[in-house]
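Fold and contact review
Spelled out, the chains give:
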2 protein chains.
Amino acid sequence: MAQTFSASELKQIYDFALDLGRRAGRILIEGVEKRTGDVGEREEGGVGGGQREKMNAVDIVTQTDLDVEAFVKGEIERVYPGHKFIGEETYSAGSSKEYLIDASPTWVVDPLDGTVNYTHLFPMFCVSIAFVLNHVPIIGVIYQPLLDTTYSSLVGYGAWQDDGKVGGKRKRLPLVNGPKAVLPREAPKGCIFSCEWGKDRRDTAGGNMWRKVDSFVNMAAEIGGRGGKGGMVHGMRSLGSATLDLAYIAAGSFDIWWEGGCWEWDVAAGIAILREAGGLITTANPPANPETDPIEEVRLGSRLYLAIRPAGDSEGETGRQAQERVVRETWKRVRALDYARPGA
Amino acid sequence: MAQTFSASELKQIYDFALDLGRRAGRILIEGVEKRTGDVGEREEGGVGGGQREKMNAVDIVTQTDLDVEAFVKGEIERVYPGHKFIGEETYSAGSSKEYLIDASPTWVVDPLDGTVNYTHLFPMFCVSIAFVLNHVPIIGVIYQPLLDTTYSSLVGYGAWQDDGKVGGKRKRLPLVNGPKAVLPREAPKGCIFSCEWGKDRRDTAGGNMWRKVDSFVNMAAEIGGRGGKGGMVHGMRSLGSATLDLAYIAAGSFDIWWEGGCWEWDVAAGIAILREAGGLITTANPPANPETDPIEEVRLGSRLYLAIRPAGDSEGETGRQAQERVVRETWKRVRALDYARPGA
């Protein structure tokens, strides 16, 4: 049923997506320039002078977001008119929250992930472009304009970081390799845990915020604490961008990412890159028996994700076995989240 | 008592510090290169192959940290032999935890802030260099090597961002200006709250971890939640670098930073930059009456910090009044932290 592509066709699509990410990112940078201007050392004007700001910042951001999506969509339609397109802005404008991806070649795009960061000029925002075939993201491109850094992958070809800054060198993912590639024996102790507080802040005992906080504190607390659930992770990180959380998991910068509530455009490119780098991604919600139940493949539209970084083999344990061990140790410490999804 | 400097002497010291930060950062980048190597597109070798890693990552990081401090200290001694030097590595190697800064011209340096991030190749690490006179940080330089970005200030001369990437333009801090410069009327609602989980993870009701979690959840929860303490901040961020938290507050990317446990080399440069950008910094711990008690100037060695970003004036409220309002609204929601300090 699903359309097939030759290796050279896929490489062409990958190169197109890589270039498209950078071009889209340039539009985001132009939006930044509109908001900050360009001042010489001697220019007068102190805090909040507003001299440099000619438009309302939020208006500029909204318009830039739409502009980038229109640009990306237009380029894809021009070069690949037979492909489907699902974009964050287009989707959000509609009333349905259904999972719309089918087996056909589909581009899944978030023109601006980390919108709040972008508005505040905090560099942790990005363009996210995925090419999905038969429900599987097989190409992923994540471009961070303020770092001029791209994380990308093509299935079978590898996952890569292109850093425009440090000598412009292309590096294979994960970046963190060698001895660091082995997951800690006492994980989650020793791990960097990446998590987001999200938008659901209802102060109710059964609500997502309390489930998250419970889970965060279990992961953070000393070994032996929290009724035995204390995980003593080495560091807790919250960036405000699910897409970049996944990119940093693929790079090996973070070890564990656990989140609920994201949409497919937030994670499709990251899933492609993470898998090609050797990472594992499954569901956030622990099964009935976290010790023994099967570790299912992630479902793209599930809105529930647990990702473990690429891991090296060690004596008596393959990398995959270590990842599965960390999945189970995380599941034992986190609570099921409640993010409903029609059609998924 | 304290030595005095002319404006041109201070400008020379500032220029020296700016250059020193970048040169120190280059040593950190060399440490990154040692750990990731330089691979061509076609190079074989998968996850955890270890082919690219010739030394133990942690050894490289420790050695790099020491190398950077020795380099910075050596340069300062060469150019300014009469100045005092306090560095993170030197200090930590000693047994005293006393506050050692006095009125004399003193360089306060963290060669690598965000060491865990550096080890994991997560870009949120930096060099931090401050020049302190009569207990006041009057020059600050924070350099992020992987972003090739410097935040800096000289008292009376302004606070600046030099971004090696986006056209290499020099921008005055705060970057976020115009309408965004006004602090939200309902703050902390609408604010980006930056906070760190820290290393103290004891699971005891009176311990710092519980006080922090309590405070975080108050700031995050919906308005009306948490017995009226819910602050409904717009976003929660944790970077794992106190120095960069302060840099992003000075830039206006984050609105509120609340933290305990840092040392003077973590914050001295950030305090200089934040103040020169127009920000406010005081103590993390709420006074007896958060509504009316005076808002004291921060003490450099206090280990307790609450910082508010630069803020514009609005109708009926100056920027300073708005900052003080946000200090009080934060104090109402956070708990006193317990970080003892001999001699401070």
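Just above sits the structure.
Residues numbered from 1 in each chain as written. Chains lettered and ligands numbered in written order. Predicted model: local features only at pLDDT ≥ 70, side-chain atom pairs only at ≥ 80, totals over all residues. Heavy atoms only, no water.

**Some thoughts on the packing of helix H5 (residues 208–220) of chain A against helix H5 (residues 208–220) of chain B**
At a minimum axis distance of 12 Å, the contact between H5(A) and H5(B) shows a crossing angle of 155°. It follows that H5(A) is roughly antiparallel to H5(B) by the angle criterion. Between H5(A) and H5(B) the crossing geometry is right-handed. Contact residues: Met209(A), Trp210(A), Val213(A), Val217(A) and Ala220(A) in H5(A); Met209(B), Trp210(B), Val213(B), Val217(B) and Ala220(B) in H5(B). Taken together, the residues of the contact of H5(A) with H5(B) break down into 10 nonpolar, no polar and no charged. (Axes fitted to C-alpha atoms, helices over the stretch in contact; angles between N-to-C directions. Helix = DSSP H or I, 4+ residues; strand = E, 2+ residues; numbered from the N terminus. Parallel < 35°, antiparallel > 145°, perpendicular 65-115°, else oblique. Left-handed = near helix turned anticlockwise from the far one by under 90°. Contact = heavy atoms within 4.5 Å. Nonpolar A, V, L, I, M, F, W, Y, C, P; charged D, E, K, R; others polar.)

**Some points on the sheet that holds strand E8 (residues 192–194) of chain B**
All names here are of chain B. One open sheet holds the five strands; their spatial order is E9-E8-E10-E12-E11, and the pairing between them is mixed. One side of each edge strand has no neighbouring strand; the edge strands of this open sheet are strand E9 (235–237) and strand E11 (280–282). Recorded for the sheet is a direction-independent mean angle of 15° between the axes of neighbouring strands. In the sheet, E11 pairs with strand E12 (residues 304–308) via three bridges, with the strands oriented antiparallel. Bridge pairing in E12 links leucine 280 to isoleucine 308. (Pairing = 2+ DSSP bridges.)

**Some thoughts on the environment of Gly278(B)**
Along the chain, Gly278(B) falls in the loop between helix H7 (264–277) and E11. Distance from Gly278(B) to Phe193(B), taken between C-alpha atoms, is 18 Å for residues 85 residues apart in sequence.

**Points about the packing of aromatic side chains**
Inspection of every chain in the model, using the stated rule, returns 34 aromatic pairs over all chains. For the ring pair Tyr118(B) and Phe125(B), a centre distance of 4.8 Å and an interplane angle of 75° mean the geometry is edge-to-face. Its relative accessible area of 0% is what places Tyr118(B) among the buried residues. Ring centres of Tyr151(B) and Tyr248(B) lie 6.0 Å apart, and the angle between their planes is 70°; this geometry places the pair in the edge-to-face category. Remark: Tyr248(B) occurs in helix H6 (residues 242–251) and Tyr151(B) occurs in strand E5 (residues 149–154); sequence separation between them is 97 residues. Since its relative accessible area comes to 3%, Tyr151(B) is described here as buried. Given a relative accessible area of 0%, Tyr248(B) falls into the buried group. The structure contains a cluster of three or more aromatic residues connected by ring pairs, namely Phe5(A), Phe16(A), Tyr80(A), Trp107(A) and Phe131(A). Positioned above the aromatic ring of Trp263(A), the side-chain terminus of Arg303(A) is 3.7 Å from the ring centre. (Phe/Tyr/Trp six-rings, centres within 6.5 Å; stacked < 30°, edge-to-face > 60°. Buried < 20%, exposed > 50% of the residue type's maximum accessible area, 1.4 Å probe, protein only. Lys NZ or Arg CZ within 6 Å of the ring centre and 35° of its normal.)

**Quick look at the pattern of salt bridges**
Residues and elements named next belong to chain A. One pass over the structure, following the stated rule, counts 38 salt bridges over all chains. A salt bridge links arginine 78 to glutamate 75; the shortest N-O distance between them is 2.8 Å. Pair noted here: arginine 78 and glutamate 75 are both in helix H2 (residues 57–79), with a separation of three residues, about one helical turn. Relative accessible area serves as the criterion here: at 11%, glutamate 75 is assigned to the buried category. (Salt bridge = Lys/Arg side-chain N within 4 Å of Asp/Glu carboxyl O.)

**Here we look at the pairing of strand E4 (residues 136–144) of chain B**
Residues and elements named next belong to chain B. The buried fraction of E4 is high, at eight of nine residues. Pairing analysis gives seven bridges linking strand E3 (residues 126–133) to E4, with the strands arranged antiparallel. Bridged to serine 128 within E4 is isoleucine 142. Taking the residues that link successive antiparallel strands as the turn, the E3-E4 hairpin has two residues, and the phi of asparagine 134 there is positive, at about 55°. In this sheet, E5 lies alongside E4 in antiparallel orientation, the contact comprising six bridges. By the bridge assignment for E5, isoleucine 142 is matched with tyrosine 151. Here E4 hands over to E5 after four residues, with aspartate 148 in that stretch at a positive phi of 50°.

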